[in-house]
Amino acid sequence: MQMLKGNHITVRYGDNAVVDDLSFELQEGQWLMLVGPNGAGKSTLIGAISQGVPYTGDILLEGADIRRCKAAQRARKIGVLSQKNSVGYGYTVEEVVRLGRYAYTSGFLSTRDDDGKAQVERALELTGLTDFRHASVLTLSGGELQRTFLAQVFAQDPQILILDEPANHLDLVYQKHIFSLIGQWLKTPGRAVISVVHDLSLARRYGTHAVLMNHGKCAAQGEVDAVLTPENLRSVYSMDVYAWMKDMLAQWQ
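Residues numbered from 1 in each chain as written. Predicted model: local features only at pLDDT ≥ 70, side-chain atom pairs only at ≥ 80, totals over all residues. Heavy atoms only, no water.

Moving on to a nonpolar patch on the surface. A contiguous nonpolar patch, built from Met-239, Trp-244, Met-245 and Met-248 and spanning about 350 Å² of accessible area, is present on the exposed surface. Considering the arrangement of structural elements, one finds Met-245 in helix 10 (residues 241-250). What makes Met-245 partly exposed here is its relative accessible area of 31%. (Patch = residues over 30% accessible without salt bridge, like charges linked within 9 Å, V, L, I, M, F, W, Y side chains within 5 Å. Areas by Shrake-Rupley, 256 points an atom, 1.4 Å probe, with all protein chains shown as cover. Salt bridge = Lys/Arg side-chain N within 4 Å of Asp/Glu carboxyl O. Helix = DSSP H or I, 4+ residues; strand = E, 2+ residues; numbered from the N terminus. Buried < 20%, exposed > 50% of the residue type's maximum accessible area, 1.4 Å probe, protein only.)

Dropping the structure here:
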């Protein structure tokens, strides 16, 4: 089932096309990795999909123009984890995670959310934050804060996860933990994931499909192994990525 589709997406800042006539599709069960060098337009494309950046072209959510979806309706379908999450308030971890349930309240100023408590508890457990639930977010490390906002997205219980560098600020243990969790989350029918990643090893390990971007354009897209080929990567990164990766791995042998 097609869950999300972008047709000829263009984002301009002045005369500069940061995303340039790019199209993509996201099917149920897919983990679509957006990869490419810095400045390729990956995070800007995420901004357009999440309706945070003006764009031309069309983005269809289950066949409907996403621009016409109400914010609460969109929030029940799509959860977004940004690359940078800063806070200036002393909410507890649990309070921040509970904010992910906002779209499920029954009306203005209503607090009713029949499934909310269970979703919040599960999100805290999945992200290893149960013992931090009463801690102020102002006291957290960068990695703990990132996990808190991931828990908020999990509590939201969307059908599509949109993740901009989900392992940002995380040490190796939690990188593996978070990516494994997302992979497990994806096994439930009716779900799909889009991630911006810089680490090509993570993209190849966990992605089912990829869009390789360069200067705002699509250099290649399709199944991940067909996209992350030596030829495609050399043309985009202007270096032998495969040789570099093998050289780095050889240090551990």
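With that out of the way, let us pick up the pattern of salt bridges. Throughout the structure, instances matching the rule amount to 11 salt bridges. Between Lys-5 and Glu-25 there is a salt bridge whose closest N-O contact spans 2.9 Å. Residue Lys-5 is located in strand 1 (residues 2-13), and its partner Glu-25 is located in strand 2 (residues 16-27); the two are separated by 20 residues in the primary sequence. Classification of Glu-25 as partly exposed rests on a relative accessible area of 35%. Residues Arg-67 and Asp-65 are paired through a salt bridge, measuring 4.0 Å at the closest nitrogen-oxygen approach. The network of salt bridges with shared partners includes Glu-94, Arg-98, Glu-121 and Arg-133.

Looking at the element boundaries, His-8 is found in strand 1. With 48 residues separating them in the primary sequence, His-8 and Thr-56 have C-alpha atoms 7.6 Å apart. With residues up to four places along the chain from it excluded, the contact list for His-8 reads Asp-21, Leu-22, Ser-23, Thr-56 and Gly-57. In this structure the side chain of His-8 is engaged in a polar contact, spanning 2.9 Å, whose partner is the side chain of Asp-21. (Contact = heavy atoms within 4.5 Å. Polar contact = N/O pair within 3.5 Å; in protein donor to acceptor, adjacent residues only side chain to side chain.)

With respect to the helices and strands, Glu-94 occurs in helix 3 (residues 93-98). If near-sequence neighbours (up to four positions away) are discounted, Glu-94 is found in contact with Val-120, Leu-124, Arg-133 and His-134.

Moving on: the pairing of strand 2. Relative to strand 2, strand 1 runs antiparallel, the two sharing 8 bridges. Bridged to Ile-9 within strand 2 is Leu-22. What sits between the antiparallel neighbours strand 1 and strand 2 is a turn of 2 residues, in which Gly-14 has the positive phi angle 70°. (Pairing = 2+ DSSP bridges.)

Moving on, we come to the sheet that holds strand 2. Pairing is antiparallel across the open sheet formed by 4 strands, whose spatial order is 2-1-4-5. Two strands lie at the open edges of the sheet, namely strand 2 and strand 5 (64-65), each paired on one side alone.

Here we take up unusual backbone geometry. Even without being glycine, Asp-157 reaches a positive phi, approximately 55°. Structurally, Asp-157 can be placed in the loop between helix 5 (142-156) and strand 7 (160-164). For Asp-157, a relative accessible area of 27% corresponds to the partly exposed category. Positive phi, normally seen in glycine, also occurs at Glu-165, with a value near 55°. Tracing the backbone shows Glu-165 in the loop between strand 7 and helix 6 (172-186). Taking the relative accessible area as the measure of exposure, Glu-165 reaches 13% and is therefore buried.

A word on the side chain of Thr-44. Considering the arrangement of structural elements, one finds Thr-44 in helix 1 (residues 42-49). Residues within four places of Thr-44 in sequence aside, it is in contact with Val-11, Tyr-13, Val-18, Val-19 and Val-53.

Moving on, we come to the sheet that holds strand 10 (residues 217-223). Judged by pairing direction, the sheet is mixed, and its 6 strands sit side by side in the order 6-7-8-3-9-10 without closing on themselves. The open sheet is flanked by strand 6 (78-81) and strand 10, the only strands paired with a single partner. Between one strand and the next, the sheet's axes are offset by a mean angle of 15°, whatever the strand orientation. Note that strand 9 (residues 209-214) and strand 10 share 6 bridges and pair antiparallel. Considered in strand 10, the bridge of Met-213 is made with Cys-218. Seen against the sheet, helix 1 touches strand 3 (31-35), strand 7, strand 8 (192-196) and strand 9 and runs at an angle of roughly 140° to strand 8. Packing against the sheet, helix 5 makes contact with strand 6 and strand 7, and its axis sits at approximately 180° to strand 6. (Axes fitted to C-alpha atoms, helices over the stretch in contact; angles between N-to-C directions.)

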